[in-house]
Amino acid sequence: MTLLNLVLWAPLAGFILLLSMPRAKEQAIRAVSLAVSLAAFLLSLGLAWGLPRVSAGEYLATDLPWIASPAIRYHIALDGLSVWLVLLSTLLTPVSVLISWSYIQKRVKEFYAFLLLLEFGLVGVFIARDLFLFYVFWEVSLVPMYFLIGIWGHERRIYAAVKFFLYTMAGSVLMLAAIIYLYNRAGTFDYTAILASISAGTLVLDRVEQQLLFLAFFLAFAIKVPLFPLHTWLPDAHVEAPSAGSVMLASVMLKMGTYGLVRFCLPLFPQAARENAGWIAALAIVGIIYGALVALVQPNMKKLVAYTSVSHLGFVVLGIFSFTQMGLDGAVYQMLNHGISTGALFVLVGYLYERRHSLEIKDYGGVATPAPWLSTVFLVTTLSSVGLPMLNNFVGEFLVLQGAAQARFAWSVFAAIGVILSVCYMLWLYQRVFFGDTPEEVRSRVFDLRPREWAAMLPLIALMVWMGVYSRTFLPPVTAANREILRMTNVNVLFEVRAPRGGGVELRAGRAAGPVRAIGEESDAR
Amino acid sequence: MPGNSLPAAVELVRFLPETILVLLGTLIMVLEAVTGDRPKTFLGHLAAAGLGLAACAAVYAHSSPGEAFSGMLVVDGFTTFFRLLVYAVGILTVLSSCQFLTRERANTGEFYALVVFSVAGQSVMVASHELIMIFIGLEISSIATYVLAGFLRDDPRATESAVKYFLLGSFATAFVLYGIAWIYGATGSTELTAIRAAVDTQAGREGAMLAAVAAALMFVGLGFKVSGAPFQMWAPDVYQGAPSPVSAFLSAGPKAAAFAVFLRVFETAFGSIGPLWEPLFWISALLSMTIGNFAALVQGNVKRMLAYSSIAHAGYILVALTARSEVGTAAVMFYLAAYALMNVGAFALLGHLTRKGERFQKVEDLAGLGSAQPLAAALFSIFLLSLIGVPLTAGFFGKFYIFKAALDSGLVWLTVLGLLNSAVGAYYYLRVLVVMYMREASEEVPPVEALSGGLRAALLACSAGTLALGIFPGPVLDFVNRSATLIR
């Protein structure tokens, strides 16, 4: 029983424990779920502690047979790509428990049970190394989120929940077909084994196969990210979900998509990934600008934050499809940043809603007067979200823009527009909510942060500063994992290589097991 | 065996399960008559115990595999699997009927006897290796189910359901019989391996065309029994009108037996003229999935919705039949087991939730169930999630295995369309979940009584089986893979 197994199964044990508790003991249910989620978090800290900082291989792997034929294995492992996402999940679960303490009053038992089940699914997605197992976790995480939105959400919750479920489901069935196809070709569901046979040249997918498989995986991930124009489920789901649901959705669930892109789309189908990079990056940039522009005019705070997610995740996708070390590192770092900052924004919007019972910006104003600490914390989060230097988002956005510029300079120019716009919408939001005249409803109802609310926010604020000031704590394992992924994207790929002195374009097939480097990648040694 | 007309002892052992069932049915009829006015729930328990005994006999018979009665019956892994499956469906049906029948004041021994006779017919169907025996089994099974569909004779819906089922059903069996006549005319035999030998020698000649016509005729009849499109018209009306436990039985038992016959007849007898009849299967599969799912989308009545969903599921199974491989056969077997568990569970529970007289069948009538009856709602959720095909349930693994088989055989487009269909299907199952958990109960609807006794046990068994097949499909998968080796 490795530590990784404990981290994975603890939430499920908590889920079963909660189901067996009498439903009237609400306080005890809250306490148990907090204890379980905190325990899972503390255990997961051990993961980061022991993780090798420079190597990219599997760490704490467990590989057991699950189903004999077809050979499906319970294969889980950790690497630099997974570790921080696992920690993000285990950190935000106790945060969600804390912020729901007084927010959730009906059917408390089911709420916390679903929250823990969600954590189980999310952690599983990030550590599964068997494609079938990955798909199982992918779908399992869908069910609790569906119920979280549908039961405890706002007025249009049912519409939002069904839309969320169907969008994701429709996207993922094609991925299932692709997974089965890959099994038939490779003879295994095991991710590591498939990569090994691609490296060794024993599994060669032709161009058409790669293209179709890539698109099947990509569609599932792009819906989850969500990439423009597949994002329409997101604002609905976010606005209607309860605070904890929004936090888990924005902070962790969206990362399932971007994680999948890095983990599966790039190394498994490198040729197709490179060929499609152009239009995907274009969509990412459209998403960055479109999301920011729409956020600018939103009258509803939650919807505004939801659209900022579309914008921020555009950066992540752009970084991934820049095929540069910096771009990928930045993308992964930006996944974490978005998880922390947007998660924090949803927490704070939830606090405001609990006080004033409105999400409309026009119902607020001058909140800084009755609640100075709340305003300060909100300000720090805002600044983090807009990418102020010394705070976390700056590092990620910088790396992404740098990587994008290495790949194609114009990309970074357009993407940078999004950074400017983000300052506009966030600061304008802040100004309208926290400054100006204080209406009577705000003065009488809004009070400052309570201890439990502080407890939920403090770790997030601390991380914003830590990740902004000292990224070396987090980046080296990510870099190591990404280097391996980048190496895989160069295996067996046809490159356009320009002749050294002018001349035409010559096509060369790189069929070597080792990396074949393309122009523009020499400069990324860091 | 020339000169020896008496069957050997081992042949009787191979026929033991059916013998037990026929005796059991007769015994229940007699007991019904002699016990007078006493409550009849004990007959239900007797039927369940007897079916359990038959299952034991089937396992015992499996230890001496081989033919019986000059090749009319055959006991192999395939037979044993389907025998156990239809017995399990029978047990679940009688257990979940007791409470229902008591509520409807129709708790008589005939009901249980009819279920047992029907199961006996299905058992003969799945064990036969000869067309006349298959037909006899089909008739025994069908006639009992015609009566069951109209068992609540004071209910006009049930009567309509029974008449419709009877008329269309007899028409369909006539097709089967006509097909048998053709094949006898073409090959001079009704025994499957002999037919195969005859068809093989005539491949590409006139005789092959005759055999293909026979195959098409049998396809019509059996397609009706499995409610595959375009022979699915009867299913919604019959399932909706019949008492819910009977709908549960209809959608699982006869269907499984008919699919077993499909596999046996088409793979063994008509295997060599496959290209001639394969299009029938994939066209029917595609039609069933599409019609079933899209028609279910607009249903406001849960029972009717489940009826359409069972058409869609027949379509998924037909996809696996189209694959025509051992993996495909194994996938059919696994899916039928998964489907039996989740669908019997769903129909039986629905029969309970529709309350007395089955008056509350609309989706909205389930509102607030999540807080009023947490156990019933949780069980229903498990069945629905499995029908959607969410991982860790039997339905998911079954679908996965079917589409894997289809991709193995290169049916890429059928797989993609099938998977998209299953995403469409998610919508109407979700709607029920939504109503159960996310809407408040309305005032007019009377509360649901608590689950009790046999129904509770049957539902818990169904849900446990659904989860077990989803999480640890290994043992069952092992067995179906070993017994999917039909004579080809």
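Residues numbered from 1 in each chain as written. Chains lettered and ligands numbered in written order. Predicted model: local features only at pLDDT ≥ 70, side-chain atom pairs only at ≥ 80, totals over all residues. Heavy atoms only, no water.

**Concerning the overall build of chain A**
Secondary structure assignment for chain A yields 20 helices and four strands. Seen along its three principal axes, the alpha-carbon backbone of chain A occupies a region of about 75 × 55 × 40 Å. For chain A, contacts bridging at least 24 residues in sequence account for 80% of all contacts bridging at least 6. Accessible surface computed for chain A: about 17,300 Å², of which carbon and sulfur atoms make up 67%. The distance from the centre of the 38 positive side-chain charges to the centre of the 31 negative ones in chain A is 2 Å. (Helix = DSSP H or I, 4+ residues; strand = E, 2+ residues; numbered from the N terminus. Contact = heavy atoms within 4.5 Å. Areas by Shrake-Rupley, 256 points an atom, 1.4 Å probe, with all protein chains shown as cover. Lys, Arg positive; Asp, Glu negative; His and termini not counted. Charge placed at Lys NZ, Arg CZ, Asp CG, Glu CD.)

**Some thoughts on the overall build of chain B**
Tallying secondary structure elements over chain B gives 20 helices and two strands in all. Whereas a compact globule of 488 residues would reach a radius of gyration of roughly 23 Å, chain B reaches 21 Å, a difference of no more than 12%. Each of the three principal axes of chain B carries a C-alpha extent, and together these read 70 × 55 × 40 Å. For chain B, with 488 residues in total, the buried portion stands at 65%. (Rg over C-alpha atoms; globule rule 2.2 N^0.38 Å. Buried < 20%, exposed > 50% of the residue type's maximum accessible area, 1.4 Å probe, protein only.)

**Let's talk about helix α17 (residues 409-434) of chain A**
Taking 1.5 Å of rise per residue, 26 residues should cover 38 Å, and α17(A) covers 38 Å from first to last C-alpha, within 8% of that figure. Taken from the residues just after α17(A), Gly436(A) is the one with a positive phi, measuring 85°. (Expected span 1.5 Å × (residues − 1).)

**Some thoughts on the packing of helix α11 (residues 244-269) of chain B against helix α13 (residues 302-323) of chain B**
Residue and element names in this part refer to chain B. Where α11 meets α13, the axes come as close as 12 Å, and the angle between the chain directions of the two elements is 15°. What the angle tells us is that α11 and α13 run roughly parallel. Handedness of the α11/α13 crossing: right-handed. Mapping the contact onto sequence places Ser244, Ser247, Lys255, Phe259, Phe262 and Leu263 in α11 and Lys303, Ser310, Ile311, Ala314, Ile317, Leu318 and Leu321 in α13. (Axes fitted to C-alpha atoms, helices over the stretch in contact; angles between N-to-C directions. Parallel < 35°, antiparallel > 145°, perpendicular 65-115°, else oblique. Left-handed = near helix turned anticlockwise from the far one by under 90°.)

**Overview of the pattern of salt bridges**
Residues and elements named next belong to chain A. All told, the structure shown has 25 salt bridges over all chains when counted by the stated rule. For the salt bridge of Arg185 with Glu209, the shortest nitrogen-to-oxygen distance reads 2.4 Å. Residue Arg185 is found in helix α7 (residues 157-186), and its partner Glu209 is found in helix α9 (residues 207-224); the two are separated by 24 residues along the sequence. For Glu209, a relative accessible area of 13% corresponds to the buried category. (Salt bridge = Lys/Arg side-chain N within 4 Å of Asp/Glu carboxyl O.)

**Brief notes about the environment of Ile388(B)**
Along the chain, Ile388(B) turns up in helix α16 (residues 374-388). When its relative accessible area of 2% is taken as the criterion, Ile388(B) is described as buried. Between the C-alpha atoms of Ile388(B) and Ser309(B), which are 79 residues apart in sequence, the distance is 9.9 Å. Excluding residues that lie within four positions of it along the chain, Ile388(B) makes contacts with Met169(A), Lys399(B), Ser422(B), Ala426(B), Tyr429(B) and Leu430(B).

**Focus on the packing of aromatic side chains**
Per the counting criterion, the structure on display carries 74 aromatic pairs over all chains. Within the aromatic cluster, the residues linked to one another by ring pairs are Trp66(A), Phe132(A), Tyr135(A), Tyr183(A), Phe189(A), Phe334(B), Phe396(B), Phe397(B), Phe400(B) and Tyr401(B). One residue, Arg355(A), lies across the ring of Phe447(A), its end atom 4.2 Å from the ring centre. (Phe/Tyr/Trp six-rings, centres within 6.5 Å; stacked < 30°, edge-to-face > 60°. Lys NZ or Arg CZ within 6 Å of the ring centre and 35° of its normal.)

**Details of α11(B)**
Residues and elements named next belong to chain B. Compared with the 38 Å implied by 1.5 Å per residue over 26 residues, the 36 Å span of α11 between its first and last C-alpha is a close match. Where α11 bends most, at Leu250, the angle is about 30°, and the proline Pro254 comes one to four residues later. Counting buried residues in α11 gives 26 out of 26 residues, a clear majority hidden from the surface. (Bend = angle between axes of the 7 residues up to and from the residue.)

**As for the confidence of the model for chain A**
Looking at chain A, the pLDDT average stands at 85 and 92% of residues meet or exceed 70. The least confident element of chain A, judged by mean pLDDT, is strand β4 (residues 505-509) of chain A at 46; the most confident is helix α5 (residues 131-140) of chain A at 91. (pLDDT = per-residue confidence, 0-100.)

**Considerations on the pairing of strand β2 (residues 72-78) of chain A**
Residue and element names in this part refer to chain A. With six of its seven residues buried, β2 lies for the most part within the structure. Here strand β1 (residues 59-67) pairs with β2 via six bridges, running antiparallel. Opposite Leu64, over in β2, you have Tyr74 as the bridge partner. The antiparallel pairing of β1 with β2 creates a hairpin that spans four residues between the two strands. (Pairing = 2+ DSSP bridges.)

**Let's talk about the state of the cysteines**
Overall, the coordinates contain zero disulfides over all chains when judged by the stated rule. With no disulfide of its own, Cys98(B) lies 14 Å from the sulfur of Cys462(B), the closest cysteine sulfur. (Disulfide = S-S within 2.5 Å.)

**Remarks on the confidence of the model for chain B**
Residues at a pLDDT of 70 or more form 98% of chain B, whose mean pLDDT is 88. The spread of mean pLDDT over the elements of chain B runs between helix α15 (residues 369-372) of chain B, the lowest at 82, and helix α5 (residues 109-127) of chain B, the highest at 93.

**Some words on the environment of Ala296(B)**
All names here are of chain B. The residue Ala296 is located in helix α12 (residues 274-297) in this model. Here Ala296 falls in the buried class, since its relative accessible area comes to 0%. Separated by 135 residues in sequence, Ala296 and Arg431 place their C-alpha atoms 11 Å apart. Those residues in contact with Ala296, other than ones at most four positions away along the chain, are Ile291, Met305, Tyr308, Ser309, Tyr428 and Arg431.

**Section: the interface of chain B and chain A**
One frequently used descriptor of interface size is the decrease in accessible area upon assembly of the parts. With 35 residues of chain B in contact, the opposing surface of chain A contributes 33 residues. Taking both sides of the interface into account, the surface hidden between chain B and chain A amounts to around 3,000 Å²; carbon and sulfur atoms contribute 80%. Run the count over chain B and chain A and you get zero salt bridges. Looking at the side of chain B that touches chain A, the elements that each hand over two or more residues are α15, α16, α17 (394-408), α18 (412-438), α19 (453-471) and α20 (474-483) of chain B. (Buried area = accessible area lost by both parts, 1.4 Å probe.)

**Things to note about unusual backbone geometry**
Residue Val225(A) is joined to Pro226(A) through a cis peptide bond whose omega torsion reads -10°. Inspection of the secondary structure puts Pro226(A) in the loop between α9 and α10 (233-240). At the junction of Ala229(B) and Pro230(B), the peptide bond is cis and its omega measures out at 0° in the coordinates. Look at Phe69(B): it is not a glycine, yet its phi comes out positive at around 55°. In this structure, Phe69(B) sits in the loop between β1 (66-68) and β2 (73-75). Unusually for a residue other than glycine, Ser227(B) sits at a positive phi of about 55°. Structurally, Ser227(B) can be placed in the loop between α9 (206-225) and α10 (234-241).

**Overview of the side chain of Ser310(B)**
All names here are of chain B. By secondary structure assignment, the location of Ser310 is in helix α13. Judged by relative accessible area, which is 0%, Ser310 ranks as buried. The contacts of Ser310, once residues within four sequence positions are left out, are Ser227, Tyr239, Lys255, Tyr339 and Asn343.

**Considering the packing of helix α7 (residues 156-187) of chain B against α9(B)**
All names here are of chain B. The interhelical angle for the contact between α7 and α9, taken along N-to-C directions, is 160°, at an axis separation of 8 Å. Put simply, α7 runs roughly antiparallel to α9. The hand of the α7/α9 crossing is left-handed. Tallied by class, the residues present in the contact of α7 with α9 amount to 19 nonpolar, four polar and one charged. (Nonpolar A, V, L, I, M, F, W, Y, C, P; charged D, E, K, R; others polar.)

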